[in-house]
Amino acid sequence: MAQAALTIDGLSVDFEGFKAVNGVSMIVEDGELRVLLGANGAGKTTLMDLISGKTKSTGGRVFVHDTEITNWEEHKIARAGIGRKFQIPSVFKELTVRRNLEVASCKNPGVFANLGFGFSAKAKIDEVLELIGLTEEAGQVAAYLSHGQTQWLELGLLITQDPKIILLDEPTAGMTQAETHKTSLIVNNLKGRHTIIVVEHDMAFVREIAERITVLHLGQVLAEGSVAEIENDPKVRAAYLGSKGIT
Ligand SMILES: Nc1ncnc2c1ncn2[C@@H]1O[C@H](COP(=O)(O)OP(=O)(O)OP(=O)(O)O)[C@@H](O)[C@H]1O
Ligand SMILES: [Mg+2]
C-alpha cells in the first residue's frame, strides 16, 4: 500500500468567526501530484498557508508521514520537508542561473552530503537545470530571463532544497500559453520524485498534469476524483456557477 506523505485531518482556521478553511481532510500519497481546485475565495491559499505554517490553524491536525506538524513554526515545517514556492522572488537577479542554484544548494549542504561520496554538486545542479528546462540558459544572468523562465528558476531553487512535499500556488500565473505548457512538462518531470500539491485555475494546464483533484468550496472539500470525475460532477458545476467557470 502507498504511504501517506501528507495527512490533513479536520483542518480549520477561524478568522474572527469566519471559517476560511472548515474541517478539511485529505490524504496525499508519497510521490502523488494533487491538484487543488476551487472558485475564488474557496480557501485554497489559506489551506496552503496552514500546511506551511504561515497561518496557525484553530482546529484539526497535519502530519508529514508519521510526524505531526500541526502549528509548528514555519521554518521548522520547512525543515520537516515542506517546500513552498512563493510569489515573492528569491532569485538573485545579478547572478547567473547556475550560480543561483549553487547558492541555494549551499543553504542546505546536507542534501549533497546525504547523496553520498562520488556524487558531485555539479551533477546535481545539472540535473536540476535539466528538470526545469534551463540547461541552455545556465550561464545567463537571471535579470535577462523571461517571466516564465524566472518562475522555473524559482522552482529550481526550491528543488535544490530537496523538499519531500512541494506546494505550488498558481504556478502559471502571468505566463503565456507556451510558458504554461512548458510548466506542465516541468511539473510532469517532478512527478514521482516529489509529492506535489498544486493550486491552479487554468483547466488546460490541470488536464495536462492532474491525476487526482480535490475541489474546495467555502472552505470545505466538495469533491475529490479524477479530472473526468470532477468535470462531470454536478456539485462542482453548481459551485462554479456565477464564477468564471471550471473550463
Ligand atoms: N487573514 C485573513 N483574515 C480574514 N479573512 C481571510 C484571511 N485570509 C483569507 N481570508 C478569507 O478567506 C477566504 C479564502 O481565501 P483564500 O485566499 O484562501 O482563497 P483562494 O481559494 O486561494 O482564492 P483565489 O482563487 O482567489 O486565490 C476569502 O474569503 C478570504 O477573504
Ligand atoms: Mg489563492
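- Under an unreviewed UniProt entry, the name given to the protein is Urea ABC transporter ATP-binding protein UrtD, and the source organism is Bradyrhizobium denitrificans.
- Checking UniProt for the protein, the heading Function (unreviewed entry) contains the comment "Involved in beta-(1-->2)glucan export. Transmembrane domains (TMD) form a pore in the inner membrane and the ATP-binding domain (NBD) is responsible for energy generation."

**Let's talk about the site of ligand 1**
So, step 1. In the region of ligand 1, 13 residues are neighbours, and Gly 41, Gly 43, Lys 44, Thr 45 and Thr 46 sit closest.
So, step 2. With respect to ligand 1, the backbone of Gly 43 contributes an N or O atom lying 2.9 Å from an oxygen atom.
So, step 3. In this structure, an oxygen atom belonging to ligand 1 sits 2.7 Å away from a side-chain N or O atom of Lys 44.
So, step 4. Listed by contribution, the elements that provide at least two residues to the shell around ligand 1 are β2 (18-29) and α1 (44-52).
So, step 5. The element that contributes the greatest number of residues to the shell around ligand 1 is α1, accounting for three residues.
So, step 6. Among the residues making up the shell around ligand 1, the classes are represented as five nonpolar, six polar and two charged.

**A look at the sheet that holds strand β4 (residues 59-64)**
So, step 1. Here four strands make up an open sheet; going across it, the order is β2-β1-β4-β5 and the pairing antiparallel. In this open sheet, the two strands that pair with only one neighbour each are β2 and β5 (67-68).
So, step 2. Pairing between strand β1 (residues 4-15) and β2: nine bridges, direction antiparallel. Residue pairing in the sheet places Ala 4 in a bridge with Glu 29 of β2.
So, step 3. In the packing of α1 onto the sheet, contacts are made with β1 and β2, and the angle to β1 comes to roughly 115°.

**Observations concerning the pairing of β4**
So, step 1. Relative to β4, β1 runs antiparallel, the two sharing five bridges. Along β4, the bridge assignment pairs Ile 8 with Val 62.
So, step 2. Relative to β5, β4 runs antiparallel, the two sharing two bridges. Counterpart to Val 64 in the pairing with β5 is Thr 67.
So, step 3. Where β4 hands over to β5, the hairpin turn is made up of two residues, of which His 65 adopts a positive phi near 50°.

What counts, and at which threshold
Residues numbered from 1 in each chain as written. Chains lettered and ligands numbered in written order. Predicted model: local features only at pLDDT ≥ 70, side-chain atom pairs only at ≥ 80, totals over all residues. Heavy atoms only, no water. UniProt positions renumbered as here; feature names shortened; annotations may be inferred. Near = heavy atom within 4 Å. Polar contact = N/O pair within 3.5 Å; in protein donor to acceptor, adjacent residues only side chain to side chain. Helix = DSSP H or I, 4+ residues; strand = E, 2+ residues; numbered from the N terminus. Nonpolar A, V, L, I, M, F, W, Y, C, P; charged D, E, K, R; others polar. Pairing = 2+ DSSP bridges. Contact = heavy atoms within 4.5 Å. Axes fitted to C-alpha atoms, helices over the stretch in contact; angles between N-to-C directions.

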